[in-house]
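Close look at the chain arrangement
Here's the letter readout for the chains.
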Amino acid sequence: ELKEIVFIIQSQSNSFHAKRAEDLKRDILKQAADVGKELPIVLLIHQMNRHEGAWTILPLMRDLSVTYGGNASWIFFCEEDTRIQVVKLVETLGRFDTSKEWFLGKALYDEESTIIHHYAFAENPTIFKFPDFAAGWALSIPLVIKLASKLKSEPLKSDFTIDLKHEIALYIWQKGDGPHLTPVPEFCTENANSYKLNHCATTFSNFLPLCGEPVKKEDVFVAVKTCRKFHGDRIPIVKQTWEREAALIEYYSDYAEISIPTIDLGVPNTDRGHCGKTFAILERFLNQSSARIPWLVIVDDDTLISISRLRKLLSCYDPDEPVFLGERYGYGLGTGGYSYITGGGGMVFSRIAVQKLLASKCRCYSMDAPDDMVLGMCFSGLGIPITHSPLFHQARPMDYPKDYLSHQIPVSFHKHWNIDPVKVYFTWLAPKAEDSLHRKKAGYNREDL
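Now for a look at the structure at hand. A quick note: this is a predicted structure, and the numbers were derived from the prediction, not measured.

What counts, and at which threshold
Residues numbered from 1 in each chain as written. Predicted model: local features only at pLDDT ≥ 70, side-chain atom pairs only at ≥ 80, totals over all residues. Heavy atoms only, no water. Axes fitted to C-alpha atoms, helices over the stretch in contact; angles between N-to-C directions. Helix = DSSP H or I, 4+ residues; strand = E, 2+ residues; numbered from the N terminus. Left-handed = near helix turned anticlockwise from the far one by under 90°. Contact = heavy atoms within 4.5 Å. Nonpolar A, V, L, I, M, F, W, Y, C, P; charged D, E, K, R; others polar. 1 Å grid on protein atoms, 1.4 Å probe; cavity = no way out; pocket = protein on both sides within 12 Å on 5 of 7 lines; lining within 4 Å. Points joined across faces, edges and corners; volume = space filled by probe spheres on them. Domains from an automatic or database assignment. Phe/Tyr/Trp six-rings, centres within 6.5 Å; stacked < 30°, edge-to-face > 60°. Buried < 20%, exposed > 50% of the residue type's maximum accessible area, 1.4 Å probe, protein only. Lys NZ or Arg CZ within 6 Å of the ring centre and 35° of its normal. Salt bridge = Lys/Arg side-chain N within 4 Å of Asp/Glu carboxyl O.

1. Quick notes on the packing of helix 8 (residues 275-288) against helix 10 (residues 351-359)
Relative orientation of the contacting elements helix 8 and helix 10 amounts to 115°, with a least axis distance of 10 Å. Every pair of crossing elements has a handedness; the one defined by helix 8 and helix 10 is left-handed. Along the contact surface, helix 8 presents Phe279, Leu282, Glu283, Phe285 and Leu286, while helix 10 presents Arg351, Val354, Gln355, Leu357 and Leu358. By residue class, the composition of the contact of helix 8 with helix 10 is 7 nonpolar, 1 polar and 2 charged.

Below you can see the structure in the form of structure tokens.
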């Protein structure tokens, strides 16, 4: 029965995302009303729990177990852009015995173990499956109750949340004591025009959001963090690839080199962390750039980014809101902790977010503190939420399952290790005309990367 499914939308509190989630909630309830079914419960994760780590889902298990343990059969999770055929979903879940522990989803797996994934399956990473959140995924109530009870006796450790879908699957698997993910072919990420739709209970439509005209080139200020030792190898890559997409770009270093040109911020280079340098960039943006520029992007010198796609994405955000956007990680969320935007994929700030941050006096506890984590801590203290986009990537294309990238139009990738970064840029990120011309000339395609 439909009323036995509790829908949870993995929503965010930023106004653009909250509206998308509300629209999906309305659609689910309308479909239920249209087929004359009793309305199911539909919850938005950002409203469920003021706990900073609600987005990591496991901390919600105890509440879900207590509230729905006696009167529901399934908790069904989905993203704000997942589209659901409610009748088909009921039919699909109806195939499974609800007295058993089930973990259902569209299966992703690693081609090889990389840094963003844990090394539990380093020998053969393809055997471990984890869910593609975009297709929706489901837990049977007996499994929710079991997880809640385990969390009671063994609270989540205070460490990093880096790849949530992988980490949830690992926690549920419990070193073999819990269920593996059961792949469900009806959980799909085809778009709405696909010929395969007939069998799908879920689809996923949104490759790259666009809400009206893209933000103007002159409304995005790009700051590249570099240092003297990388001037010779990394900066030429930026100049060969995405620099021409940016109208306003500056390179910040520990050494002023006129030929690039780089700006010496007067902050010595540190091997790690770069907190001092990042805060100097934020100060400079507020004090020296035009007050009319609403957006700041800070990237590393080995970040590959599509500024034209970023401008489309930013059309969906209100620059009058404090926005801190990128790929979200978490630290210590089982015990308080905070979320942060990981720096390598690029960090995007609205001007007002920078103003609020610098007015707060929250600063680096040391010059080489990890800048992205300090920023997360500061914004958390200010009550300004992190806004997550899966289109920013802390790693290289080959570090992600092919199936996961197939329903994205990515905004960024990071790192030059063991790849040709120019090739990666023109294959994955370049504006279309330039991209196809370059690819034809070079004769390669995405499958190679």
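Past the structure itself, the notes keep going.
2. A closer look at empty space enclosed by the protein
The gaps of empty space that remain are located by a probe, the size of a water molecule, rolled over the atoms. One pass over the full model with this rule turns up 4 cavities of 30 Å³ or more. Put simply, the largest cavity is a space of about 740 Å³. What lines the largest cavity is a set of 38 residues, among which Glu79, His388, Ser389, Pro390 and Tyr404 lie closest to the centre. Split by residue class, the lining of the largest cavity holds 19 nonpolar, 11 polar and 8 charged. The two domains that each donate at least three residues to the lining of the largest cavity are domain 1 (2-204) and domain 2 (217-431).

3. Quick word on the packing of aromatic side chains
Any pair of aromatic rings gets described here by the distance separating the centres and the angle formed by the planes. In total, this model carries 21 aromatic pairs according to the counting rule given. Measuring from ring centre to ring centre gives 5.7 Å for Phe76 and Phe187, while their planes differ by 75°; the resulting arrangement is edge-to-face. You can see Phe76 sitting in strand 3 (residues 74-78) and its partner Phe187 sitting in the loop between strand 10 (182-183) and strand 11 (202-204), a full 111 residues away along the chain. Taken individually, Phe76 and Phe187 each receive the classification buried, so the pair is uniform in this respect. Between the aromatic rings of Phe324 and Phe349, the centroid separation amounts to 4.9 Å while the plane-to-plane angle is 25°, which identifies the pairing as stacked. A residue pair is termed long-range when its members are at least 10 positions apart, and Phe324 in strand 17 (residues 324-326) and Phe349 in strand 20 (residues 347-350) qualify at 25 residues. Note on accessibility: Phe324 and Phe349 belong to one class, buried. Stacked on the ring of Trp55, the Lys or Arg Arg328 has its end atom at 4.0 Å from the ring centre.

4. Side note on the pattern of salt bridges
As enumerated under the stated definition, the model contains 20 salt bridges in all. Asp371 is paired through a salt bridge with Lys225; the nearest N and O atoms lie 2.6 Å apart. One end of the pair, Asp371, is in helix 11 (residues 371-382); the other, Lys225, is in strand 12 (residues 220-225), with 146 residues separating them in the sequence. Given a relative accessible area of 7%, Lys225 falls into the buried group. With a closest N to O distance of 2.7 Å, Lys239 and Glu243 form a salt bridge. Residues participating in the shared-partner salt-bridge network are Lys19, Asp23 and Arg26.

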